[in-house]
Amino acid sequence: MRVAVPLSAARRAPRVFLATFAEIAAPAALTALTALTALTALTALTSIAGCAAPRVARSIDGQIIEGRYIAAHAYALYAIGAEAEARGDLATALEAYELAEDGDPDSADIWTRIGSVRCRLGRGEAAGAAFERARAIEPDYEPAYREQARCDLSAGRLEAALGRIDRAILLDPDRDDGALLRAEILRRLGRTDDARLALRALVVRRPWSTEAWRALHAAAVEAGDRAVAEQAARRLRELAAPGAAVLGRRMPPGGQLAEVDEALVLGQLRRARRLARDADLTPAEVAVRAAALGRLGEAREQAELVSAADPASAEALVALAVAADLSGDLDALTRACDALDLSAAAGGPTVAPSRLARLLFAELLFRRVGRDAALTWLGPPPPAPVAGDALSQEVERRVHRELAGAAP
């Protein structure tokens, strides 16, 4: 017997709860709340100064780790910056990061993001100062070396870039983006044989990485190595074919979407964010795809980031709710559903949730409330399938099977 455990909002007012969620799912255009609005609202908080911040303990993957206290406004500003950077809005991202730094000046991560965005905006000298500040705070902070190497490469400082990426790889040898960046630097230096050797080592270690195979293909074509180019092209075709497996999972075909999903399955959230821009996915949709793939840690991290920048993002709140439900965190599940309820009561979210988000939340309602709640949320008739998105289609088939198999 399946015992229905109602969500807190559904338990308080089930009819209103389901009606408001049906309204959220409607495709009508909704008023947009921009990151800049949230940024303006938080700017006044940066004038608050305090004494030495206390140390706090955090639970990360079940392990208690002591770290610095981070003020809530600094965290929110960082979230706004990360969301804006993911969208390519570099001016807003830099403003948010610099305001976050005012509230948390001892964060190597914030200074690294400031350096990276300044570099992309063409402010090379100021970028270098930010990277130096990050390393002064944390001398072995790998992202500071890697991001400055990327900045050096863009400015043509190839020898400096190689020295910094070598240091970054020494600090964290398992990062694909570091290995790919090093190969590109070697190629730009004219060391094509070394670049191909590095990429061949990477595809042995990461045989499912389309980025690695694509880079190897480009390097082989440039060097006139026909055999390796054909091998890489063949492998890319295999990875794009239906049924290609990554770590035992079926990976959806579909080019750019498949690359985003692959990065999520491998736990490479920052890479997934970068690939999502090319695939025209919003940051919130990245969180939902992570939840659909069972990458609960990545789903929560991305969803919390988006929610801090846009508290009314229904897409992010759905991802948070699903990840919390699947990980057994009932408190987080209740908070996410309460936030969705408040968003609906306030006139609706900034953007209606995607088809995949609707399906995932229908599945959550089916597990927690029952079939009628799930059907009410989805609403008849169901929207048309998303062309080329095998992940969404797979979830849809699963949800329909579950709903069809339940007693009416």
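**Observations regarding the overall build of the protein chain**
Okay, so step 1: When helices and strands are counted, the protein chain shows 22 helices and 4 strands.
Okay, so step 2: Sorting the 408 residues of the protein chain into buried and exposed places 49% on the buried side.
Okay, so step 3: Sequence-distant contacts in the protein chain: of pairs separated by 6 or more residues, those separated by 24 or more amount to 59%.
Okay, so step 4: In the form shown here, the protein chain has an accessible surface area of approximately 19100 Å², with 56% of it arising from carbon and sulfur atoms.

**Some details on the packing of helix H16 (residues 283-292) against helix H17 (residues 296-309)**
Okay, so step 1: Between H16 and H17, the least distance of the axes is 8 Å, while the angle of their chain directions is 155°. Here H17 runs roughly antiparallel to H16, going by the angle between their axes. Judged by the twist between their axes, the crossing of H16 over H17 is left-handed. Residues Pro 283, Ala 284, Val 286, Ala 287, Ala 290 and Ala 291 of H16 pack against Glu 298, Ala 299, Gln 302, Ala 303 and Val 306 of H17.
Okay, so step 2: The residue makeup of the contact of H16 with H17, split by class, is 9 nonpolar, 1 polar and 1 charged.

**Observations regarding the pattern of salt bridges**
Okay, so step 1: Taken as a whole and assessed by the stated rule, the structure comprises 34 salt bridges.
Okay, so step 2: Where Arg 167 meets Asp 140, a salt bridge forms, and the shortest distance between an N and an O atom there is 2.6 Å. Residue Arg 167 is found in helix H9 (residues 158-171), and its partner Asp 140 is found in the loop between helix H7 (124-137) and helix H8 (142-154); the two are separated by 27 residues along the sequence.
Okay, so step 3: Take Asp 140: its relative accessible area is 47%, and that puts it in the partly exposed class.
Okay, so step 4: Taken together, the shared-partner salt bridges in this structure form one network comprising Glu 85, Arg 113, Arg 120, Glu 142, Arg 146, Glu 147, Arg 150, Arg 175 and Asp 177.

**Focus on the state of the cysteines**
Okay, so step 1: Applying the stated criterion across every chain yields a total of 1 disulfide.
Okay, so step 2: For Cys 119, the disulfide goes to Cys 151, at an S-S distance of 2.2 Å. Between Cys 119 and Cys 151, the S-S dihedral sits near 105°, and the bridge is therefore right-handed. Of this pair, Cys 119 sits in helix H6 (residues 108-120) while Cys 151 sits in helix H8, and the two are 32 residues apart along the sequence.
Okay, so step 3: A relative accessible area of 14% means that Cys 119 is categorised as buried.
Okay, so step 4: When its relative accessible area of 4% is taken as the criterion, Cys 151 is described as buried.

**Description of the side chain of Ser 307**
Okay, so step 1: For Ser 307, the location among the structural elements is in helix H17.
Okay, so step 2: In this structure Ser 307 comes out as buried when scored by relative accessible area, which is 14%.
Okay, so step 3: Once residues within four sequence positions are removed from consideration, Ser 307 is found in contact with Ala 316, Leu 317 and Leu 320.

**Looking at the nonpolar core**
The tendency in soluble globular proteins is for nonpolar side chains to be buried as a group.
Okay, so step 1: Core analysis: the largest hydrophobic core is formed by 54 residues, its most contacted members being Val 260, Leu 264, Leu 360, Phe 361 and Val 395.
Okay, so step 2: For this core, the element with the most residues is helix H18 (residues 314-326), which contributes 10 residues.
Okay, so step 3: Excluding anything up to four places from it in sequence, Val 260 contacts Ala 272, Leu 275, Ala 276, Ala 279 and Leu 281.
Okay, so step 4: Grouped together as the second largest cluster of nonpolar side chains are 21 residues, Leu 77, Ala 84, Leu 99 and Ile 110 included.

**Notes on the side chain of Asp 177**
Okay, so step 1: By the element assignment, Asp 177 lies in helix H10 (residues 176-188).
Okay, so step 2: Of the polar contacts made by the side chain of Asp 177, one reaches the side chain of Arg 175; its length is 2.7 Å.
Okay, so step 3: Those residues in contact with Asp 177 that sit more than four places away from it in its chain are Arg 146 and Arg 274.

**Describing helix H20 (residues 355-368)**
Okay, so step 1: The terminal C-alpha atoms of H20 lie 20 Å apart, and with 14 residues this matches the ideal 20 Å at 1.5 Å per residue to within 8%.
Okay, so step 2: With 13 of 14 residues buried, H20 is to be regarded as a mostly interior element.
Okay, so step 3: Positive phi appears at Gly 370, one or two residues downstream of H20, with a value of about 145°.

**Some remarks on helix H11 (residues 192-205)**
Okay, so step 1: In this model H11 runs 20 Å from its N-terminal to its C-terminal C-alpha over 14 residues, within 8% of the 20 Å that 1.5 Å per residue would give.
Okay, so step 2: Every buried residue of H11 is accounted for by Ala 195, Arg 196, Leu 199, Leu 202 and Val 203. Considered in projection along H11, the buried side chains sweep an arc of 120° and stay on one side of the axis. In H11, the exposed positions that point more than 90 degrees away from the buried face belong to Asp 193, Leu 197 and Val 204.
Okay, so step 3: As for H11, its buried residues are in contact with H10 and helix H12 (210-223).

**Comments concerning the confidence of the model for the protein chain**
Okay, so step 1: Per-residue pLDDT for the protein chain has a mean of 75; in total, 73% of the residues score no lower than 70.
Okay, so step 2: Low pLDDT, under 50, characterises residues 40-66; the stretch is placed with 32 contacts to residues that sit more than four places away or in other chains.
Okay, so step 3: Scored below 50 in pLDDT, residues 242-253 shows 34 contacts in the model against residues more than four places distant or in partner chains.

**Overview of the packing of aromatic side chains**
Okay, so step 1: Scanning the entire structure with this criterion turns up 1 aromatic pair.
Okay, so step 2: The interplanar angle of 50° and the centroid separation of 5.5 Å between the aromatic rings of Tyr 78 and Tyr 97 together place this pair among those described as tilted. One end of the pair, Tyr 78, is in helix H4 (residues 72-87); the other, Tyr 97, is in helix H5 (residues 90-103), with 19 residues separating them in the sequence. Judged on exposure class, the residue Tyr 78 and its partner Tyr 97 are both buried.
Okay, so step 3: Its guanidinium or amino end placed over the ring of Tyr 145, Arg 135 lies 4.8 Å from that ring's centre, counting from NZ or CZ.
Okay, so step 4: Directly above the ring of Tyr 145 sits Arg 167, whose terminal nitrogen or CZ lies 5.7 Å from the centroid.

Conventions we followed
Residues numbered from 1 in each chain as written. Predicted model: local features only at pLDDT ≥ 70, side-chain atom pairs only at ≥ 80, totals over all residues. Heavy atoms only, no water. Helix = DSSP H or I, 4+ residues; strand = E, 2+ residues; numbered from the N terminus. Buried < 20%, exposed > 50% of the residue type's maximum accessible area, 1.4 Å probe, protein only. Contact = heavy atoms within 4.5 Å. Areas by Shrake-Rupley, 256 points an atom, 1.4 Å probe, with all protein chains shown as cover. Axes fitted to C-alpha atoms, helices over the stretch in contact; angles between N-to-C directions. Parallel < 35°, antiparallel > 145°, perpendicular 65-115°, else oblique. Left-handed = near helix turned anticlockwise from the far one by under 90°. Nonpolar A, V, L, I, M, F, W, Y, C, P; charged D, E, K, R; others polar. Salt bridge = Lys/Arg side-chain N within 4 Å of Asp/Glu carboxyl O. Disulfide = S-S within 2.5 Å. Core = buried A, V, L, I, M, F, W, Y, C linked by side-chain atoms within 4.5 Å. Polar contact = N/O pair within 3.5 Å; in protein donor to acceptor, adjacent residues only side chain to side chain. Expected span 1.5 Å × (residues − 1). Arc of directions from axis to C-beta. pLDDT = per-residue confidence, 0-100. Phe/Tyr/Trp six-rings, centres within 6.5 Å; stacked < 30°, edge-to-face > 60°. Lys NZ or Arg CZ within 6 Å of the ring centre and 35° of its normal.

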